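So you can see what is in the structure, the chains are spelled out below.
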Amino acid sequence: SRVEYLNYEVFDDHGWELTDDDLFEKASDADLAPDDYGRLLVQQNETLLEAAENRGFAWPYSCRGGACSNCAVALVEGEMPTPAGHILTEEWLDRGIRLSCLSAPVTESAKVVYNVKQLPGLEELIL
Ligand code: FES
């Protein structure tokens, strides 16, 4: 899967919201550092977190087993399954939140915002 990624930590600086329709267009025009915005190719045997790490990025994580939500991403486009045995509620899944340590997008392309662990409410899940 070809994944376009964006760092949630730059949102404040730019006044962006996760619900902005043209979020990734704005990101692509914003001249962000490669750490904060870009594209990566996820290989078949990689989780999204591993794919980022294998390309030299330091995305947040802790347990690597679906139990803490430090590795949470917001899936803006595409599909990314969540295996059983994770901490996310249905409500978070419905809002597009996924755990990058557990899986990767299964669609040919996807857009994800990483570093969303500090979303209001989600941080309470963090152990
Ligand atoms: Fe803990 Fe992914 S690192 S849920």
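These remarks concern the structure in this document.

Focus: the side chain of Asn-115
Note on placement: Asn-115 falls in the segment after strand E5 (109–114). In this structure Asn-115 comes out as buried when scored by relative accessible area, which is 7%. Only 2.9 Å separates the side chain of Asn-115 from the side chain of Asn-7, close enough to count as a polar contact. Excluding its chain neighbours within four sequence positions, the residues that come into contact with Asn-115 are Asn-7, Tyr-8, Glu-9, Pro-60 and Ala-72.

Notes on the environment of Tyr-114
Looking at where Tyr-114 falls in the secondary structure, it is placed in strand E5. Overall, Tyr-114 belongs to the buried group, its relative accessible area being 5%. For the pair Tyr-114 and Trp-59, spaced 55 residues apart in sequence, the C-alpha separation works out to 7.4 Å. Sequence-distant contacts of Tyr-114, that is, excluding residues within four places in its chain, are made with Tyr-5, Leu-6, Asn-7, Tyr-8, Asp-35, Asp-36, Trp-59, Pro-60, Ala-72 and Val-73.

Structural notes on the pattern of salt bridges
Considering all chains together, one arrives at seven salt bridges under this definition. Residue Asp-20 pairs with Lys-26 through a salt bridge whose shortest N-O separation is 2.9 Å. According to the relative accessible area criterion, Lys-26 is partly exposed, its value standing at 27%. Between Arg-64 and Glu-53 there is a salt bridge; the shortest N-O distance is 2.7 Å. Of this pair, Arg-64 sits in the loop between helix H3 (48–54) and strand E3 (72–77) while Glu-53 sits in helix H3, and the two are eleven residues apart along the sequence. Since its relative accessible area comes to 26%, Glu-53 is described here as partly exposed. Among the charged side chains, a salt-bridge network with shared partners connects Asp-20, Asp-22 and Lys-26.

Analysis parameters
Residues numbered from 1 in each chain as written. Predicted model: local features only at pLDDT ≥ 70, side-chain atom pairs only at ≥ 80, totals over all residues. Heavy atoms only, no water. Helix = DSSP H or I, 4+ residues; strand = E, 2+ residues; numbered from the N terminus. Buried < 20%, exposed > 50% of the residue type's maximum accessible area, 1.4 Å probe, protein only. Polar contact = N/O pair within 3.5 Å; in protein donor to acceptor, adjacent residues only side chain to side chain. Contact = heavy atoms within 4.5 Å. Salt bridge = Lys/Arg side-chain N within 4 Å of Asp/Glu carboxyl O.

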